[in-house]
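Survey of secondary and tertiary structure
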Amino acid sequence: MPEEAGGAGSLERIRADHERALREAKETLQKLPEEIRRDIRQDKEKLLQDARGRKEAAAAGLPLRPFRQPVGAVGREPADPVVRQRRDKIKEMMKYAWDNYKRYAWGLNELKPISKQGHSSNLFGNIQGATIVDALDTLYIMEMKEEFKEAKEWVEKNLDFNVNAEISVFEVNIRFVGGLLSAYYLSGEEIFRKKAVELGEKLLPAFNTPTGIPWALLNIKRVVLIISHMMNGQTQYLTFPSLILCLQSDDDEHVPPLQIDAKLPFWLLLATGLGVKVQYQWFGQAWDFIVPIFILGIGRNWPWASGGSSILAEFGTLHLEFVHLSHLSGNPVFAEKVMNIRKVLSRLDKPEGLYPNYLNPSSGQWGQPCSIDIEISFQHVKMMNTNVDADHVSIGGLGDSFYEYLLKAWLMSDKTDEEGKKMYYDAVQAIETHLIRKSSGGLTYIAEWKGGLLEHKMGHLTCFAGGMFALGADGAPSDKTGHHIELGAEIARTCHESYDRTSMKLGPEAFRFDGGVEAIATRQNEKYYILRPEVIETYMYMWRLTHDPKYRQWAWEAVEALEKHCRVDGGYSGIRDVYSNHESHDDVQQSFFLSETLKYLYLLFSDDDLLPFEHWVFNTEAHPFPILRKEDGSKEEKEK
């Protein structure tokens, strides 16, 4: 019987291959001569690209990886003429945003569309080209081929990470690493894989903390001071709340410890390089050294973040990118770093099952304050004790994408990451119990928790959660699937109301549910709109998962509002007050407008075959990553 079954299976495969060959032959015969010539040209280009890619991979020390055309990288035209017209409009918006960036700010991070000049955020340090890298995959899926080609050429010639500047690990990861990874997976161009891995390696020193919880800020080329002392004949490294322990240099070489003063129980691990004056302070005493310092990565946390703590949404939003970095580089260290974050979190008590926003990277405890004063002659870094409440929980800013990445890590693993799955659904249960409330007017919202008390405020950033709940419905217990979809729909409705209740039909940065107010910003510093994508993101997920036409209608309302109020002569700008009858622009075209807002709108008016959820997971910057199939892993093991 087994042999007969095997023979039948072989015959079935042969028959299927024969039928497919016949179909392809018929399709070829029906093509026009210029179409056949175009296909031949593309096949030649693909062969050349593969050969070039193998050469580049070998030069970069990366494993050879045959490129497989991904499913759903480009979709078909929508059949409905109205939907097609609206999608074309969104593509025109992308071209307008891109062309103006190219005209006035090419190579810089972002565009000031009213001033018609470049805009640089300190989030990226001296790394340039944020809009180019962030927009790569949007250009690709919109089939803007010339623009994608010029963006790729800029990356090849100009994208440089060898800069002496402090960057946000979180922002550089989601925008630059994420953008490069998705561009590689869509196009197969090796330069994107090479640059993604190179940048990932630059970010690794951020994890050199006592717990492995990474710093928020990293100077990817900066002096490092490492203090150690001798105990039982071995070098012991002292752990200080804000002293960065960076144990590897760019060329991974070290020199033996150098004893500065035999009377002091401190050693300095140094490599030769630049001489600088260093003042080290401890218990009211200070020592001055003139020492040679090697240029290395050094990190710190935001001074305002609960006594120098790391932020949940930042260290919790590295998982997808770093797992893919290990997958593409063959180096397990990236995945190991983010899996260690899970280990640290698993050891901690969660108040009411919730995850506070702040975690101290030295003590490994929630929101522990600390103080240290380190002075280096050309920079003074000072972190003082603060009394910020450790038990601040938010599904918006500071917490949001941590929860998103728990769910998406499970989905991206082909649903094998059971730990990520359990953490996500346990967290959702706690969020429902303690944070989700319904207003007297019937609007469901997600409040913030501060030391056990609720602040009835919901941020624009929190509006992503509607899409998250709906996306996770399929993996919820069977009796909860419909409930999660409904919860997503209720959050989408609330966020739509936050748009609909403004003069400009664009949502404020935050809105409140207290004092008789519902879904309205009451504070001036919460009334701005900076081209954010989260509401449209939720519309996109709800449309894909329910096909309820209201989500496309709500999205089109947002398009009309963007065109009316945010489109200016030099691009698109945010608005300072969405409740005003007069536009006051902030003069910034954010890179995420091209990466997220316009991409989600384009997907909303595309068929489901474009980047289908069965094959792709989006990072928090809307960069699509392929699901890592179980069979792909076994194939790679065999090849090794």
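Residues numbered from 1 in each chain as written. Predicted model: local features only at pLDDT ≥ 70, side-chain atom pairs only at ≥ 80, totals over all residues. Heavy atoms only, no water.

Looking at the environment of Gln 589
Following the sequence through the fold, Gln 589 ends up in the loop between strand 23 (571–572) and helix 17 (591–604). On the accessibility criterion, Gln 589 (1% relative accessible area) is buried. Remark: the alpha-carbon pair of Gln 589 and His 119, spanning 470 residues in sequence, is separated by 8.6 Å. Engagement of the side chain of Gln 589 in a polar contact is seen with the backbone oxygen of Ala 97, the distance being 3.2 Å. (Helix = DSSP H or I, 4+ residues; strand = E, 2+ residues; numbered from the N terminus. Buried < 20%, exposed > 50% of the residue type's maximum accessible area, 1.4 Å probe, protein only. Polar contact = N/O pair within 3.5 Å; in protein donor to acceptor, adjacent residues only side chain to side chain.)

Here's the deal with the confidence of the model for the chain
Of all residues in the chain, 75% have pLDDT values of 70 or greater, and the mean over the chain is 84. This stretch, residues 1–6, has a pLDDT under 50; its non-local contacts, to residues over four places away or in other chains, come to zero contacts. Confidence drops under pLDDT 50 across residues 368–389; counting only partners more than four residues distant or on other chains, this segment forms 59 contacts. (pLDDT = per-residue confidence, 0-100. Contact = heavy atoms within 4.5 Å.)

Quick notes on the UniProt feature "active site" (unreviewed entry) in the chain
Cross-referencing UniProt, the feature "active site" (unreviewed entry) maps to Glu 171, Asp 400, Glu 509 and Glu 534 in the present numbering. As for its placement among the helices and strands, Glu 171 is situated in helix 6 (residues 169–187). By relative accessible area, which is 14% here, Glu 171 ends up buried. Setting aside anything within four residues of it in sequence, one finds Glu 171 in contact with Leu 123, Phe 124 and Phe 176. Mapped onto the elements, Glu 534 comes out in helix 15 (residues 534–546). (UniProt positions renumbered as here; feature names shortened; annotations may be inferred.)

Some details on the sheet that holds strand 15 (residues 392–393)
The pairing of strands in a sheet happens through backbone hydrogen bonds and is either parallel or antiparallel. In space, the three strands of this open sheet follow the order 15-18-19, with antiparallel pairing throughout. Two strands lie at the open edges of the sheet, namely strand 15 and strand 19 (453–455), each paired on one side alone. Across two bridges, the pairing between strand 15 and strand 18 (residues 448–450) is antiparallel. Residue Val 393 lies in a different strand from strand 18, and its bridge partner there is Trp 449. (Pairing = 2+ DSSP bridges.)

Let's talk about helix 11 (residues 400–412)
Under the 1.5 Å per step criterion, the end-to-end length of helix 11 is 18 Å for 13 residues, consistent within 8% with the ideal 18 Å. Within helix 11, 13 of the 13 residues are buried, which leaves the element mostly enclosed by the surrounding structure. Asp 414 occupies a position one or two residues after helix 11 and carries a positive phi of about 65°. (Expected span 1.5 Å × (residues − 1).)

What about the state of the cysteines?
In total, this model carries one disulfide according to the counting rule given. Sulfur-sulfur distance for the disulfide between Cys 463 and Cys 495 comes to 2.1 Å. Here the S-S torsion is close to -95°, and the disulfide linking Cys 463 with Cys 495 is therefore left-handed. A residue pair is termed long-range when its members are at least 10 positions apart, and Cys 463 in the loop between strand 20 (457–459) and helix 13 (465–471) and Cys 495 in helix 14 (residues 481–500) qualify at 32 residues. Residue class for Cys 463 comes out buried when judged on its relative accessible area of 1%. With a relative accessible area of 1%, Cys 495 lands in the buried category. (Disulfide = S-S within 2.5 Å.)

Section: unusual backbone geometry
If you check the backbone angles, Lys 116 has positive phi at about 60° while not being a glycine. Within the secondary structure, Lys 116 is located in the loop between strand 1 (110–112) and strand 2 (117–119).

What to know about the nonpolar core
Counting 162 residues, the largest nonpolar core has Val 155, Leu 345, Tyr 403 and Phe 469 as its most contacted members. It is helix 6 that contributes the most residues to this core, 12 residues altogether. When residues no more than four places from it in sequence are discounted, the contact partners of Tyr 403 are Leu 312, Tyr 355, Val 393, Ser 394, Ile 395, Tyr 424, Ala 427, Ile 431 and Met 468. Among the nonpolar cores identified, the runner-up in size contains six residues, and Ala 216, Ala 305, Ile 311 and Tyr 358 belong to it. (Core = buried A, V, L, I, M, F, W, Y, C linked by side-chain atoms within 4.5 Å.)

Description of the packing of helix 3 (residues 81–105) against helix 17
In the contact formed by helix 3 and helix 17, the axes pass within 9 Å of each other and the chain directions differ by 170°. Considering the angle they form, helix 3 stands roughly antiparallel to helix 17. Along the contact surface, helix 3 presents Arg 87, Ile 90, Lys 91, Met 93, Met 94, Ala 97 and Trp 98, while helix 17 presents Phe 593, Leu 594, Leu 598, Leu 601 and Tyr 602. Residue composition of the contact of helix 3 with helix 17, grouped by class: 10 nonpolar, no polar and two charged. (Axes fitted to C-alpha atoms, helices over the stretch in contact; angles between N-to-C directions. Parallel < 35°, antiparallel > 145°, perpendicular 65-115°, else oblique. Nonpolar A, V, L, I, M, F, W, Y, C, P; charged D, E, K, R; others polar.)

With respect to the pattern of salt bridges
Tallied over the full model, the rule gives 37 salt bridges. Arg 87 is the partner of Glu 77 in a salt bridge, and the nearest nitrogen-oxygen pair spans 3.1 Å. Of this pair, Glu 77 sits in the loop between helix 2 (33–59) and helix 3 while Arg 87 sits in helix 3, placing them 10 residues apart in sequence. Judged by relative accessible area, which is 46%, Glu 77 ranks as partly exposed. Owing to a relative accessible area of 3%, Arg 87 belongs among the buried residues under this scheme. Residue Asp 587 is joined to Lys 112 by a salt bridge in which the shortest nitrogen-to-oxygen separation is 4.0 Å. Of this pair, Asp 587 sits in the loop between strand 23 and helix 17 while Lys 112 sits in strand 1; the two residues are 475 residues apart in sequence, bridging distant segments of the chain. Overall, the relative accessible area of 10% leaves Asp 587 in the buried class. Three or more residues are tied together by salt bridges with common partners; here these are Lys 89, Glu 92, Glu 563 and Arg 567. (Salt bridge = Lys/Arg side-chain N within 4 Å of Asp/Glu carboxyl O.)

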